[in-house]
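# Examination of the molecular architecture
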Amino acid sequence: MKMEVEIISKEFIKPSSPTPHHLKYHKLSFFDISASVAPYIPLVLYYPINRDTNFSSHNIHHDVSKRLHILRQSLSETLSRFYPLAGRTKDNYFIDCNDEGVYFAEAKVKSPLNEFLKHPNLSLIYNFLPDESKMRPIPGNCVAGVQATTFSCGGIGLILDSDV
């Protein structure tokens, strides 16, 4: 199965409230540092469109836009509580919790989600990952990234990628 993922937009989602000054730097634990060198296996969460919700079946594009708007809002609110994720790597031991935000990419696929799930191909999962160049664990890069991939049916594939 050939599947082409097209990136529609890229942005940074910032926390809904600023990180307190006394929490500006987050020191990584021994476990955090050790885990960053372990093999990474991405996890993609797939959400089919639920016809029983308030979303209409006649305008999938509008419904998907509404769902992605809610996702952006809730991510912004969540980052206020998990403030290191909105920072940048300072070095191998610290995160600068500067509220620059999480890298967020919106992508789309022209095939329906059930077609992909009926014939899963693990090599295609990498199409759902956020831009790898933004996620390398080097000083100044993002700590976390999110990619929301929408399918033609209205389903969504969602992944949070983090280097810690």
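Our subject is the structure listed above.
These remarks concern the structure in this document. (Residues numbered from 1 in each chain as written. Predicted model: local features only at pLDDT ≥ 70, side-chain atom pairs only at ≥ 80, totals over all residues. Heavy atoms only, no water.)

### Brief notes about the layout of surface pockets
To keep it simple, the criterion reads: Cavities and pockets are defined on a 1 Å grid built over the protein atoms alone: a cavity is a set of grid points where a 1.4 Å probe fits but cannot escape, while a pocket is an open set with protein on both sides within 12 Å along at least five of seven lines, and lining residues are those with an atom within 4 Å of any such point. Grid points are joined across faces, edges and corners, and a volume is the space filled by probe spheres set on the points. Per the convention used, a helix needs a DSSP run of H or I reaching at least four residues, while a strand needs a run of E reaching at least two, with both numbered from the N terminus. When residue character is reported, Ala, Val, Leu, Ile, Met, Phe, Trp, Tyr, Cys and Pro are called nonpolar, Asp, Glu, Lys and Arg charged, and the others, Gly included, polar.
In this structure, the second largest pocket occupies an estimated 280 Å³ of space. In terms of lining, the second largest pocket is formed by 16 residues, of which the most central are His61, Val64, Glu106, Lys108 and Thr150. Those elements giving two or more residues to the lining of the second largest pocket turn out to be helix 2 (60-81) and strand 6 (102-109). It is helix 2 that provides the largest number of residues to the lining of the second largest pocket, a total of six residues. Considered class by class, the residues forming the lining of the second largest pocket number seven nonpolar, five polar and four charged.

### A few points about the sheet that holds strand 5 (residues 94-96)
This is how it is decided: What makes two strands pair is DSSP finding at least two bridges between them.
Strand order across the open sheet formed by three strands is 2-5-4, with antiparallel pairing between neighbours. The sheet is open, and its two borders are formed by strand 2 (25-27) and strand 4 (88-89), each paired with just one other strand. Note that strand 2 and strand 5 share three bridges and pair antiparallel. Bridge pairing links Tyr25 to Asp96 in strand 5.

### Quick notes on the nonpolar core
What counts, and what does not: Side-chain atoms within 4.5 Å link the members of a nonpolar core, which is a set of buried Ala, Val, Leu, Ile, Met, Phe, Trp, Tyr and Cys residues. Burial classification: accessible surface area is computed with a 1.4 Å probe over protein chains only, and a residue below 20% of its type maximum counts as buried, one above 50% as exposed, and the rest as partly exposed. Note on definitions: a residue-residue contact is assigned when non-hydrogen atoms from the two residues lie within 4.5 Å.
In terms of nonpolar packing, the biggest core is built from 13 residues, with Leu75, Leu79, Phe104, Val146 and Ala148 touching the most fellow members. Mapped by element, the contributors of at least two residues to this core are helix 2, strand 6, strand 7 (144-150) and strand 8 (156-162). Beyond its immediate stretch of four places on either side in the chain, Leu79 contacts Ile13, Lys14, Pro15, Leu85, Ala86 and Val102. Counting residues in each nonpolar core, the second largest holds 11 residues, with Phe116, Ile125, Leu129 and Ile159 among its members.

### Notes on the pairing of strand 7
The element strand 7 is extensively covered by neighbouring structure, given that seven of its seven residues are classed as buried. Of the two faces of strand 7, both are covered, the one formed by Ala144, Val146, Ala148 and Thr150 as well as the one formed by Gly145, Gln147 and Thr149. Both strand 6 and strand 7 contribute to a ladder of six bridges, which runs parallel. From the neighbouring strand, Ala107 faces strand 7, where its bridge partner is Thr149. Here strand 7 pairs with strand 8 via seven bridges, running antiparallel. Residue pairing across strands places Gln147 opposite Ile159, the latter belonging to strand 8. Counting the residues that bridge the hairpin from strand 7 to strand 8 gives five residues, and of these Gly154 lies at a positive phi of roughly 105 degrees.

### Focus: the sheet that holds strand 6
Heads up, the rule is: Comment: axis = line fitted to C-alpha atoms, over the contacting stretch for helices; angle = value between 0 and 180 degrees taken between N-to-C directions.
Read across the sheet, five strands follow the order 1-6-7-8-3 without closing on themselves; strand pairing throughout is mixed. At either end of the open sheet lies a strand with only one pairing partner, and these are strand 1 (5-13) and strand 3 (45-47). Averaged over neighbouring strand pairs, the angle between their axes works out to 20 degrees when direction is ignored. As defined by bridge partners, strand 3 adjoins strand 8 across three bridges and the pair is classed as antiparallel. Directly across from Leu45, in strand 8, lies its bridge partner Leu158.

### Quick word on the pattern of salt bridges
Operational definition: For this document, the term salt bridge refers to a Lys or Arg side-chain nitrogen within 4 Å of an Asp or Glu carboxyl oxygen.
This model, assessed by the stated rule, comprises four salt bridges. The partner of Glu11 in a salt bridge is Arg72, and the shortest N-O contact between them spans 2.7 Å. Here Arg72 lies in helix 2 and Glu11 lies in strand 1, a separation of 61 residues in the sequence. Of the residues examined, Glu11 reaches a relative accessible area of 28% and is grouped as partly exposed. Note on Arg72: relative accessible area 19%, which makes it buried.

Read these as spatial facts, not as claims about activity.
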